[in-house]
Amino acid sequence: MPRILVTNDDGVDAPTLGPLLDALSRWAELYVAVPSQERSWIGKAITRFAVVDVERTQRNGLPWAVVQGSPADCVNLAVHSLGWPRPDLVVAGINLGLNFGSAFLLSSGTVGAVFEGWIAAIPSVAFSMAIPQDAYGVQGEARNARIGNYAPRVAAVASEITRLLWEEGFPPSVDAFSVNMPAEAGPETPRRVTSVTRTRYGPLFVEERKNGFRHRFSYLQPLEDGGDVALVSRGVIAITPLRLDFSARLPETLRARLER
């Protein structure tokens, strides 16, 4: 049985976490390291100056670490510092909200966790789902209950894709995967391999009081057609292989002027 480290950025009480663990535990040995509270929009942040407290426990026979830190903290601690066996895979999610498009990809704590997995040389997969329409504007237990109605189906998809990737292995050209699913996704939903749509977002903050601003997402702007944004918008599961190569080629005229 492969060893899978499961993490997320929605915290220990995320309504998708239990169903994901149930689905993965049917074929894998699991370890769970999750933030103590929601840590969305944090990317691959690592705690630098504060002490990171970790509560170690057992839940349903699984080793758990509840971490006062970021998703990337969770992965690094679980791989290097908690004394657990080295995982064969890192699975992050299932995130409440889509992480498609480059702007969301770079901002996501869920995707940040799999980037940390890649740094540790562990194959890693991030799963994200759209928020169901009936959960918009609803908070607390009512919101979790509504999302929970969808969670077992998306968890079944996540487990199936993870098992397939484990059996096939990651190609040398792929560093990680990001999978984005419609809220209503299930095993019968069409799936396509695609690319990350280049995107930008608008203002992220509104003034709540004088000189005080609160995060409030405004809009996502695609810069091109196609890719993961277009697929999920059509009700298709988008499976996106990621290559963490940030280099780009320059025109020779500019290169000649820059170099000495």
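Keep in mind that what you see is a predicted model, and the values were worked out from it rather than measured.

Caption draft 1: Here's a closer look at the packing of aromatic side chains. A full pass over the atoms with the stated rule returns seven aromatic pairs. Aromatic side chains tryptophan 41 and phenylalanine 104 sit 5.8 Å apart centroid to centroid with 80 degrees between the ring planes, which places their arrangement in the edge-to-face category. A residue pair is termed long-range when its members are at least 10 positions apart, and tryptophan 41 in the loop between strand S2 (29–35) and strand S3 (54–59) and phenylalanine 104 in helix H3 (residues 101–107) qualify at 63 residues. With a centroid separation of 5.7 Å and 65 degrees between ring planes, the pair formed by tryptophan 41 and tyrosine 201 is classed as edge-to-face. You can see tryptophan 41 sitting in the loop between S2 and S3 and its partner tyrosine 201 sitting in strand S9 (residues 199–201), a full 160 residues away along the chain. By relative accessible area, which is 35% here, tryptophan 41 ends up partly exposed. The exposure class of tyrosine 201 is partly exposed, given its relative accessible area of 31%. Each member of the aromatic cluster is reached from another via a ring pair, and the members are Trp41, Phe100, Phe104, Tyr201 and Phe217. Geometry around tryptophan 64 places arginine 59 over its ring, the cationic atom sitting 4.5 Å from the centre.

Caption draft 2: Structural detail: the environment of alanine 145. Tracing the chain through its elements places alanine 145 in helix H5 (residues 140–148). Spatially, the C-alpha atom of alanine 145 lies 8.9 Å from that of alanine 135, the residues being 10 residues apart in sequence.

Caption draft 3: Spotlight on the side chain of aspartate 175. Relative to the assigned elements, aspartate 175 resides in the loop between helix H6 (151–168) and strand S7 (176–181). At a separation of 2.8 Å, a polar atom in the side chain of aspartate 175 contacts the main-chain amide nitrogen of leucine 244. Among all residues touching aspartate 175, those that are not within four sequence positions of it are Trp118, Phe170, Leu242, Arg243 and Leu244.

Caption draft 4: Just the pairing of strand S6 (residues 124–129), in detail. In terms of burial, S6 is largely enclosed, as six of its six residues are buried. Residues Ser124, Ala126 and Ser128 line one face of S6 and the alternating positions Val125, Phe127 and Met129 line the opposite face, and both faces are buried. Of the pairings in the sheet, the one linking strand S5 (residues 89–96) to S6 comprises five bridges and is parallel in character. Across the sheet, the residue bridging to alanine 92 is alanine 126, located in S6. As paired strands, S6 and S7 are joined by five bridges and run parallel to one another.

Caption draft 5: Fine view of the nonpolar core. Formed by 51 residues in total, the largest nonpolar core has its most connected members in Ile4, Trp64, Ile94, Phe127 and Met181. The residues touching isoleucine 94, leaving out its near neighbours within four places in the chain, are Asp10, Thr16, Leu20, Phe127, Ser128, Met129, Val154, Ala155, Ala158 and Met181. Counting residues in hydrophobic clusters, the runner-up holds 25 residues, among them Tyr31, Val67, Val90 and Ala113.

Caption draft 6: Molecular detail of unusual backbone geometry. A cis amide bond, omega 0 degrees, links glycine 93 with the succeeding residue isoleucine 94. Take isoleucine 94: it is sitting in strand S5. Of note, the phi angle at tryptophan 41 is positive, near 60 degrees, even though the residue is not glycine. Positive phi outside glycine occurs at asparagine 211, with the angle close to 60 degrees. Mapped onto the elements, asparagine 211 comes out in the loop between strand S10 (205–209) and strand S11 (212–215).

Caption draft 7: Representation of the pairing of strand S4 (residues 62–67) in the model. Burial analysis of S4 places six of its six residues in the buried class, the great majority of the element. Here S4 shows two buried faces, one formed by Leu62, Trp64 and Val66 and the other by Pro63, Ala65 and Val67. Two strands pair when backbone bridges link them, and S2 and S4 are joined in this way by four bridges, in the parallel orientation. Its bridge partner lying in S4, valine 34 is registered against valine 66. Bridge analysis of S3 against S4 gives six bridges, and the strand direction is antiparallel.

Calculation notes
- Residues numbered from 1 in each chain as written.
- Predicted model: local features only at pLDDT ≥ 70, side-chain atom pairs only at ≥ 80, totals over all residues.
- Heavy atoms only, no water.
- Phe/Tyr/Trp six-rings, centres within 6.5 Å; stacked < 30°, edge-to-face > 60°.
- Helix = DSSP H or I, 4+ residues; strand = E, 2+ residues; numbered from the N terminus.
- Buried < 20%, exposed > 50% of the residue type's maximum accessible area, 1.4 Å probe, protein only.
- Lys NZ or Arg CZ within 6 Å of the ring centre and 35° of its normal.
- Polar contact = N/O pair within 3.5 Å; in protein donor to acceptor, adjacent residues only side chain to side chain.
- Contact = heavy atoms within 4.5 Å.
- Pairing = 2+ DSSP bridges.
- Core = buried A, V, L, I, M, F, W, Y, C linked by side-chain atoms within 4.5 Å.

Distances and angles like these do not, on their own, reveal function.
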